[in-house]
Amino acid sequence: MKIGEFSKKNNVTQDTIRHYIDMGLLVAEKQGWQYKFSEEDSCDIEKITMLKQLDFSLTEIQEILCFNRIGGEKTDEFRDFYLSLLERKKEQNLKEQQRCKEIDFLLKDRINELKRYGISEKKRLGFPLSSTGLLYCPCCKQALEISDGIVEKSMLIEATVHCECGYIAVIEDGIYIDKKAVRKKIEIPSKKKFLEVTSPKFVNFMYNGTHTIIDYILNHGNSPKYIMELDNCVGRFLMQYIDYLPKGCTYVLICHDKDRITSVKDNLVQQHEHSNFIFFCCAMDQLPIAESSMDIIIDHWMSRIYAKSTNKSLLDIVSPFLKEEGLLTGAYPHIGTKSKDFINIPLELRDYFNKNRILERLDALYFSQLEVAEIGPVLENNPYIDMNDKEQYLMLYAGRKKSQIDNISTANEFERKRRQNLIS
């Protein structure tokens, strides 16, 4: 019979039959360009199927069939050989059963552990009373007043926040909310959807950048009291850094999307022991905090995204909130200035995609560079990233805000050089 008929009779695909022939499991007669199959070949297919059911690999089946073809199935040598393989397979199967039981136990333990997060008694997170002195009006820069407060465990859960100039905000379920700044929800893909279209290379590109920033904080952070994260995907950096977060440190999160910041807060409530957080639902240029109050600011990919949506420099907005000698660390994606991708960027946005311009801006804001690294390039075709299908690099930066004395000295030096250039 031909291969098509043989395939149907034995319920095996033609590709599988050809593979068996290539391995020598089937010894079919070839006439011209076609194979001819006999009833003996059908018997071999039955043997192969039976041995596969016993969990023998094709290589092991090949060995069994070869021994059979040399010595014959009815010989003592073949029976002894086959029996030894069956006993070895049985022993392997018992070990595999034991391994499966151990895996099953570990799986059940892990499943129960994760389920306990959802059913355990939830703690509440609110605005720390110890941090209310940070609250300053974003309009007139005066200290804000708090009224009608509900306090639990030294945290404000509900309150009204107001200023004599007319500014008003609320604290609801522990979240500080400027209702004028709350925007409609921006659709961001779930991590599952993002990973479906993202290459491992790009994931590692992001991951390496995040952990370089963590190293910068650990090396230069100096026991921070307040850390402020700037991230378009609020809390993304925190979830990588949280195991390193100092116990007495208060971590500030900002987002204009109430649902997203509530989701981050709920996750922290259920799965993490740290309790010192401030959740702001407001615009970046309306942060209601005192100047020179943050020990560390983390600019995690946010400056470029903010510039693209507002055409404003986020660094100009947030640098006044950093203390003298405070640490700024950030991840700044950029494009090679000689590439076609860079030339196609609108002129008004090019500075935000230019590594040298970013460094010049940081220098102009009186940051002294501590560490700078660069990773990349990567080329990623991904609808969820704004530099889709562009070859990009990532600059990792750590710098310390200079003191006023250093600022004056730097400004004087700048003026001296300017005058010197004018004279020459």
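Just so it is clear, the structure is predicted and the values come from calculations on it, not from any experiment. (Residues numbered from 1 in each chain as written. Predicted model: local features only at pLDDT ≥ 70, side-chain atom pairs only at ≥ 80, totals over all residues. Heavy atoms only, no water.)

1. Some details on the state of the cysteines
Put simply, the test is: The disulfide criterion is simple: two cysteine sulfur atoms within 2.5 Å.
All chains considered together, the criterion is met by 0 disulfides. Here C66 is not cross-linked by a disulfide; its sulfur's nearest cysteine counterpart is in C43, at 17 Å. Considering cysteine sulfurs only, C137 is the nearest to C139, which forms no disulfide, with 4.3 Å between them.

2. Considerations on the pattern of salt bridges
Pairing between side chains becomes possible if they bear opposite charge and their charged atoms approach one another. Using the following cut-off: Salt-bridge detection follows one rule: a side-chain nitrogen of Lys or Arg within 4 Å of a carboxyl oxygen of Asp or Glu. The numbering of helices and of strands both runs from the N terminus, where a helix is a DSSP run of H or I of at least 4 residues and a strand a run of E of at least 2. Exposure is judged per residue with a 1.4 Å probe applied to protein chains only, and the accessible area is read against the type maximum: over 50% gives exposed, under 20% gives buried, and values in between give partly exposed.
A full pass over the atoms with the stated rule returns 20 salt bridges. Salt-bridge contacts for E60 lead to K89; the nearest nitrogen and oxygen are separated by 3.3 Å. Here the residue E60 occupies a position in helix α4 (residues 58–71), and K89 occupies one in helix α5 (residues 76–119), the gap between them amounting to 29 residues. The class for E60 is buried, based on a relative accessible area of 19%. Note on K89: relative accessible area 11%, which makes it buried.

3. Considerations on the packing of aromatic side chains
How two aromatic rings sit relative to each other is given by the distance of their centres and the angle of their planes. Quick note on the threshold: The pairing test for Phe, Tyr and Trp rings, Trp by its six-membered ring, is centres within 6.5 Å, and the orientation test on the planes gives stacked under 30 degrees, edge-to-face over 60, and tilted for anything in between.
If you walk through the whole model with that rule in mind, you get 13 aromatic pairs. Here a set of aromatic residues connected by ring pairs shows up, and it is made of F67, F78, F81 and Y82.

4. Quick look at helix α10 (residues 302–310)
Where we set the bar: Contacts: residue pairs with any heavy atoms within 4.5 Å of one another.
Residues of α10 that are buried: M302, S303, R304, Y306 and A307. Turning to α10, the residues buried within the fold contact β8 (226–230), β11 (294–300), α11 (314–318) and β12 (322–335). Count one or two residues on from α10 and you reach N311, which has phi positive near 60°.

5. Points about helix α2 (residues 14–23)
So the rule is basically this: This arc describes the spread of directions from the helix axis toward the C-beta atoms.
The set of residues buried in α2 consists of I17, Y20, I21 and M23. The arc that holds the buried residues of α2, viewed along the axis, is 165°, so those residues lie on one side. Of the exposed residues in α2, the ones pointing more than 90 degrees away from its buried face are D15 and D22. Taken together, the buried residues of α2 touch α1 (3–10), β2 (34–36), α3 (39–53) and α4. The positive-phi residue at the C-terminal boundary of α2 is G24, with phi of around 85°.

6. Considerations on the environment of E60
Placed 25 residues apart in sequence, E60 and L85 show a C-alpha to C-alpha distance of 9.0 Å. For E60, the contacting residues outside a window of four places in its chain are D55, R88 and K89.

7. Considering the packing of α1 against α2
The condition that has to hold: Whenever a helix is involved, its axis is fitted only over the stretch in contact; in every case the axis is a line through C-alpha atoms, and angles between N-to-C directions fall within 0 to 180 degrees. Note that the term roughly parallel is reserved for angles under 35 degrees, roughly antiparallel for angles over 145, roughly perpendicular for angles of 65 to 115, and oblique for everything else. Any residue outside Ala, Val, Leu, Ile, Met, Phe, Trp, Tyr, Cys, Pro, Asp, Glu, Lys and Arg is labelled polar, Gly included; the first ten of those are nonpolar and the last four are charged.
Closest axis-to-axis distance for the α1/α2 pair is 9 Å, and the angle between their directions is 105°. Taken together, the axis directions place α1 and α2 in an arrangement best described as roughly perpendicular. Contacts between α1 and α2 pair I3, G4, F6 and S7 from the former with Q14, I17 and R18 from the latter. Of the residues contributing to the contact of α1 with α2, the split by class is 3 nonpolar, 3 polar and 1 charged.

8. Looking at the side chain of N10
The topology assignment puts N10 in helix α1. Under the relative-accessibility criterion, N10 is labelled buried at 16%. Apart from residues no more than four positions distant in its own chain, N10 is found in contact with S42 and I45.

9. Points about a nonpolar patch on the surface
Which entries qualify depends on this criterion: Exposure above 30% relative accessible area and the lack of any salt bridge qualify a residue for a patch; like charges then connect within 9 Å, and the nonpolar side chains Val, Leu, Ile, Met, Phe, Trp and Tyr within 5 Å. Computed with a 1.4 Å probe, the accessible areas rest on the Shrake-Rupley method; for each residue, only the protein chains presented here act as cover.
Taken together, the side chains of M50, L54 and L86 make up a nonpolar region of the molecular surface, amounting to roughly 210 Å² of accessible area. Among the structural elements, M50 can be located in helix α3. Judged by relative accessible area, which is 35%, M50 ranks as partly exposed.

10. Looking at the packing of α3 against α4
Definition in use: Take the far helix as the reference: if the near one is turned anticlockwise from it by less than a right angle, the crossing is left-handed, and if turned clockwise, right-handed.
The contact between α3 and α4 brings their axes to 10 Å, and the two run at 135°. Judged by the angle between their axes, α3 and α4 are oblique. Here α3 and α4 pass one another in a crossing that is right-handed. On the side of α3, the interface is formed by D44, K47, I48, L51 and K52, while α4 contributes L58, I61, I64, L65, N68 and R69. Residues of the contact of α3 with α4, tallied by class, amount to 6 nonpolar, 1 polar and 4 charged.

11. Quick look at unusual backbone geometry
The residue after G376, namely P377, is reached through a cis peptide bond having omega 10°. In the Ramachandran plot, N11 falls in the positive-phi region, its phi being about 55° despite a non-glycine side chain. Note that N11 resides in the loop between α1 and α2. Residue classification places N11 among the exposed positions, given a relative accessible area of 74%. Of note, N311 is a non-glycine position whose phi angle comes to about 60°, a positive value. Inspection of the secondary structure assignment puts N311 in the loop between α10 and α11.

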